[in-house]
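# Topology and contacts: notes
Chain by chain, the residues run as shown.
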Amino acid sequence: MKLPNMQEAKKRTNKEVEYITITDHKEPLFQNQKFFLKTYGCQMNVHDSEQIKNILLNLGLTETDKLEEAYVIILNTCAIRENAHDKVFGYLGRIKHLKKEHPEKIVAIGGCMSQEESIANEILTKHPYINIVFGTHNIHELKNLLKESLNKSQIIEVPSIEGCVYENIKYERDSKVKAWVNIMYGCDKFCTYCIVPYTRGKERSRKMADIIKEVKELEKQGYKEITLLGQNVNAYGHDLSPQINFATLLKEVAKTNIKRIRFVTSHPWNFTDEMIDIIAKYDNIMPYIHLPLQSGSNRILKLMGRRYTKEEYINLYNKMKEKIPNVAITTDIIVGFPGETEEDFNETLDVVNKCQYDGAYTFIYSKRQGTPASKMKDNVTLEEKEQRLYKLNELVNKYSKEANEKYLGKVVPVLIEGISEKDSDKLFGYTDTMKLVNVKTNKNKIGQIINVKITDAKSFSLDGTLE
Ligand code: SAH
Ligand code: SF4
Ligand code: F3S
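Here's a quick rundown of the structure. Just so it is clear, the structure is predicted and the values come from calculations on it, not from any experiment.

Conventions we followed
- The numbers attached to residues start from 1 for each chain and follow its sequence in the written order.
- Lettering for chains starts from A, numbering for ligands starts from 1, and both go in the order in which the items are written.
- Totals for whole chains, interfaces and linings use all residues, but because this is a predicted model, local features are given only for residues with pLDDT of at least 70 and pairs of side-chain atoms are given and counted only at 80 or more.
- Heavy atoms throughout the structure, all of them, feed into the side-chain values; hydrogens and water do not.
- Any residue with a non-hydrogen atom lying within 4 Å of a molecule or strand is treated as near it.
- Any pair of nitrogen or oxygen atoms within 3.5 Å is treated as a polar contact; in protein, a donor-acceptor pairing is required on top of that, and neighbouring residues in sequence qualify only through side-chain atoms on both sides.
- Using a 1.4 Å probe, the Shrake-Rupley method yields the accessible areas, and only the shown protein chains count as cover for residues.
- Just so you know the grouping, Ala, Val, Leu, Ile, Met, Phe, Trp, Tyr, Cys and Pro go in nonpolar, Asp, Glu, Lys and Arg go in charged, and all remaining residues, Gly too, go in polar.
- Start and end positions for the domains come from either an automated domain assignment or a database one.
- Residue types Ala, Val, Leu, Ile, Met, Phe, Trp, Tyr and Cys, when buried and joined through side-chain atoms within 4.5 Å, form a set referred to as a nonpolar core.
- Summary of the burial criterion: residues with accessible area below 20% of their type's maximum are buried, those above 50% are exposed, and those between are partly exposed, where the area comes from a 1.4 Å probe applied to protein chains only.
- Contacts are assigned to residue pairs with any non-hydrogen atoms lying within 4.5 Å of each other.
- For two strands to be treated as a pair, DSSP must find no fewer than two bridges joining them.
- For helices the rule is a DSSP run of H or I covering at least 4 residues; for strands it is a run of E covering at least 2, with both sets numbered from the N terminus onward.
- Only the contacting stretch of a helix is used when fitting its axis, a line to C-alpha atoms as for every element, and angles between N-to-C directions run 0 to 180 degrees.

What follows concerns the site of ligand 1. Lining the immediate surroundings of ligand 1 are 15 residues, of which Q231, P292, Q294, D332 and S366 lie closest. Within the contact set of ligand 1, a nitrogen atom lies 3.0 Å away from a backbone nitrogen or oxygen of Y193. Here Q294 contributes a side-chain N or O atom positioned 2.7 Å from an oxygen atom of ligand 1. For ligand 1, the accessible surface in isolation is 540 Å², of which the surrounding protein chains cover 90%. Here the residues of the shell around ligand 1 are counted per class, giving seven nonpolar, four polar and four charged.

So this is what it looks like as structure tokens:
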């Protein structure tokens, strides 16, 4: 048994990152049985689930989207906010009920929530029906854990380590059109509110040659778009020797000629001019940047440990708008950080008014055990926080609608990804600027970049016709 430990998880040493090549073979341990996998959280988790899926398929299981049908049930969890917990524990209620009738079923919990001390302890003491708890550092061991669980009632195996870089990971990718490509893991920024540096280990980069190789393979398989993934992509390469930077990686990826390149997430701190120039220069790097603001108040930004001021952020924003033609910029904003005053909040609204974002994800601050902010005095009432969120959302939505309306009547390239969920007569895809477009056209257009004339603009999507 290995229980997570937050003290261990926050340690950062000079130890060199270990690069480990993993191999996995098919081994039909389960026959005629199904798995159910539910994923919470960010793109990182979505991509990890593609690895988990590959492992399960190799064990002879097939996927089902019906919980009741599954023999193996896996929840890949998130810990970013309290409500992420509530959702998982709510769901566990259903699973517990199911396990009462079918004790032979195997339930496994992985992801960022597993990395939290309090959660692992809670599972140990209160949820005996959960068979396996694994972490973010040992996904590749899931096969062995599943095997072991056939003779054990509960396995908790959650290492809190700085982390290694695993190569040769196989994925069962959700899409045949676009793919995630990890470029780095972990985070060393330790923003005071955030749990990610504790759940994902230290910043560690994949070698550029391995990344390029993966991109080239994806291109060969017919993928049109890749998204380079990291909690803070502009920190890429500082840990490699010789050091390289994200701008260099972007340039090399652009030279593979894959049709569309995106990246998430970049931190406003250390977003260099060189990066902006490269994004502007290469047509296959999409003009879309997610640039989390978090707060517009310098006092709060400092308490958050964000390493930039409101003025520096706006400067960077303006430079991007100036140098990258037609760029779309979205953001993340937290309201109600401990001690946030009405004045601080107004500073945030001021930045939103100045930047007029294409879109924003907005959150009420959520206390995460073990983080520095959890010890700060929080005297803002929930009611006030909710009012601020409401006010912020109104403003944010106004600007995203306006940004969408600018597309009316224009003809834009859209990479068609699949059939629209809401209307099976329509296909959906995204513009280079990451606007969701629904368009009535032939199904054989899936996987193609087509020109679409925009006929209607809503707050969160566009409608169009084939040009
Ligand atoms: N690495 C990314 C973000 C990862 S988390 C970055 O630095 O931008 C995604 C978003 O969740 C964050 O941008 C932040 O807005 C929000 N978030 C993180 N911790 C939070 C907390 N404790 N309470 C509320 N929102 C939080
Ligand atoms: Fe969290 Fe900050 Fe790291 Fe983003 S940069 S993952 S907000 S600590
Ligand atoms: Fe959640 Fe972990 Fe991502 S906490 S947001 S799944 S890195």
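Having seen the model, we can carry on.
Our next topic: the site of ligand 3. Around ligand 3 lies a shell formed by C42, N45, C78, A79, I80, C112, V196, R200 and Q231. Looking at side-chain class alone, the shell around ligand 3 contains six nonpolar, two polar and one charged residues. Inspection of the shell around ligand 3 shows a minimum of three residues originating in each of domain 1 (6-157) and domain 2 (174-405).

This next bit is on the nonpolar core. Counting 57 residues, the largest nonpolar core has L228 and F246 as its most contacted members. Every residue in contact with L228, bar those within four places of it in the chain, is listed here: V181, I183, V233, F246, L250, V253, I261, R262, F263 and V264. The next biggest cluster of nonpolar side chains, apart from the first, holds 23 residues, and it includes L98, I123, Y129 and V158.

The strand order around the closed barrel formed by five strands is β17-β18-β19-β21-β20, and the pairing between neighbours is mixed. Going from strand to strand, the sheet's axes swing by 50° on average, the running direction of each strand aside. Two strands pair when backbone bridges link them, and strand β20 (residues 449-457) and strand β21 (residues 462-466) are joined in this way by five bridges, in the antiparallel orientation. When the bridges of β21 are listed, D456 appears paired with D463.

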